[in-house]
Amino acid sequence: MRWRRRRRRWADQVEQVVILSPDKDLCQCVRGTRVVTHDRRRGKTYDEAAVREKFGVPPAAIPDLLALVGDSADGIPGIPGFGMKTAAAVLRAYGTIDNIPDNAAPWTVQLRGADRLAATLTTCRADALLYKRLATLRTDVPLRESLADLEWRGVRRAEFQRLCRQLGFGNLAERPVTWAD
């Protein structure tokens, strides 16, 4: 598949990809310890094991999880009745929203209120699938840049200092350690 090649295009050419963001959506990009996310505010790096520990599902199931529980940062309301633990338990059993049976009777996961949850999901399945689509990062976007084009070369000193003066960030102007020029 073409999109798979693009997703892994640079991950296999570097030692590690670190995505600097606390955004839960980006956890779907995590692959083992090779592609990780890092939340600077919390000082925490999330590899695949840490994503599973925090969210209760593997990185590939993050869009399904956010579709069920919602994501206020992205305006995704979620499905009524599904909290983080409940959604994670159902997704661990079925993998994706598409695989969750409409009727709770065959559910292999034992949850309080399973009949109500199944009925709600049946009624809201189209919404859940839309929310999943909205939470899924696109990996099929054509990229013209090469890995070399994306290499960090430092901050362009004059432009950065001019911006700091314009914004009134006097002390910030001398902070970057690596200057491009």
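Residues numbered from 1 in each chain as written. Predicted model: local features only at pLDDT ≥ 70, side-chain atom pairs only at ≥ 80, totals over all residues. Heavy atoms only, no water.

*Asks:* Please clarify how the overall build of the protein chain should be interpreted in this entry.
*Replies:* When helices and strands are tallied, the protein chain shows six helices and three strands. Along its sequence from the N terminus, the protein chain presents helices and strands in the succession α-β-β-β-α-α-α-α-α. Here the C-alpha atoms of the protein chain give a radius of gyration of 21 Å, more than 25% beyond the 16 Å that 2.2 N^0.38 yields for 181 residues. Dimensions of the protein chain along its principal axes, counting C-alpha atoms only, are 65 × 40 × 25 Å. Across the 181 residues of the protein chain, 36% fall into the buried class. Once local pairs closer than 6 in sequence are excluded, the contacts in the protein chain between residues at least 24 apart make up 46%. (Helix = DSSP H or I, 4+ residues; strand = E, 2+ residues; numbered from the N terminus. Rg over C-alpha atoms; globule rule 2.2 N^0.38 Å. Buried < 20%, exposed > 50% of the residue type's maximum accessible area, 1.4 Å probe, protein only. Contact = heavy atoms within 4.5 Å.)

*Asks:* Would you explain the sheet that holds strand β3 (residues 44-46) in this entry?
*Replies:* The pairing of strands in a sheet comes from backbone hydrogen bonds and takes either a parallel or an antiparallel form. The mixed open sheet is built from three strands, whose spatial order is β1-β2-β3. This sheet does not close on itself; its edge strands, each paired only once, are β1 (17-20) and β3. In this sheet, neighbouring strand axes are inclined to one another by 30 degrees on average, regardless of whether the strands run parallel or antiparallel. Here β1 pairs with strand β2 (residues 35-39) via four bridges, running parallel. Paired with V18 across the bridge in β2 is V36. (Pairing = 2+ DSSP bridges. Axes fitted to C-alpha atoms, helices over the stretch in contact; angles between N-to-C directions.)

*Asks:* Help me understand the environment of G154 in this model?
*Replies:* Here G154 is to be found in the loop between α5 (114-135) and α6 (157-167). Along the sequence, G154 and R41 sit 113 residues apart, while their C-alpha atoms lie 22 Å from each other. What G154 contacts, discounting residues up to four positions off in sequence, is T178, W179 and A180.

*Asks:* Can you help me understand the side chain of T37 in this one?
*Replies:* The residue T37 is located in strand β2 in this model. A relative accessible area of 2% means that T37 is categorised as buried. Beyond its immediate stretch of four places on either side in the chain, T37 contacts I19, S21, L26, C27, V30, K44, T45 and Y46.

*Asks:* Would you mind going over the packing of helix α3 (residues 62-69) against α5 with me for this structure?
*Replies:* Think of two packed helices as two axes; the pair is described by the angle between the axes and how far apart they sit. Their axes nearest at 8 Å, the elements α3 and α5 cross at an angle of 130 degrees. Judged by the angle between their axes, α3 and α5 are oblique. Judged by the sense of rotation from one axis to the other, the crossing of α3 with α5 is right-handed. Only L121, A128, Y131, K132 and A135 of α5 make contact with α3, whose side of the interface consists of P63, D64, L66, A67 and L68. Class assignment for the residues of the contact of α3 with α5 results in eight nonpolar, no polar and two charged. (Parallel < 35°, antiparallel > 145°, perpendicular 65-115°, else oblique. Left-handed = near helix turned anticlockwise from the far one by under 90°. Nonpolar A, V, L, I, M, F, W, Y, C, P; charged D, E, K, R; others polar.)

*Asks:* Got a minute to help me understand the packing of α3 against helix α4 (residues 84-94) in this structure?
*Replies:* Two elements in contact, α3 and α4, have axes separated by 9 Å at closest approach and are oriented at 135 degrees. Viewed along their axes, α3 and α4 adopt a mutual orientation that is oblique. The chirality of how α3 crosses α4 is right-handed. Contacts from D64, L65, L68 and V69 in α3 reach M84, A87, A88 and L91 in α4.

*Asks:* What am I meant to see in a nonpolar patch on the surface here?
*Replies:* A cluster of nonpolar residues, L163, L167 and F169, forms a patch on the protein surface that exposes about 280 Å² of accessible area. Tracing the sequence through the fold places L163 in helix α6. (Patch = residues over 30% accessible without salt bridge, like charges linked within 9 Å, V, L, I, M, F, W, Y side chains within 5 Å. Areas by Shrake-Rupley, 256 points an atom, 1.4 Å probe, with all protein chains shown as cover. Salt bridge = Lys/Arg side-chain N within 4 Å of Asp/Glu carboxyl O.)

Function cannot be read off these values alone, since they describe shape.
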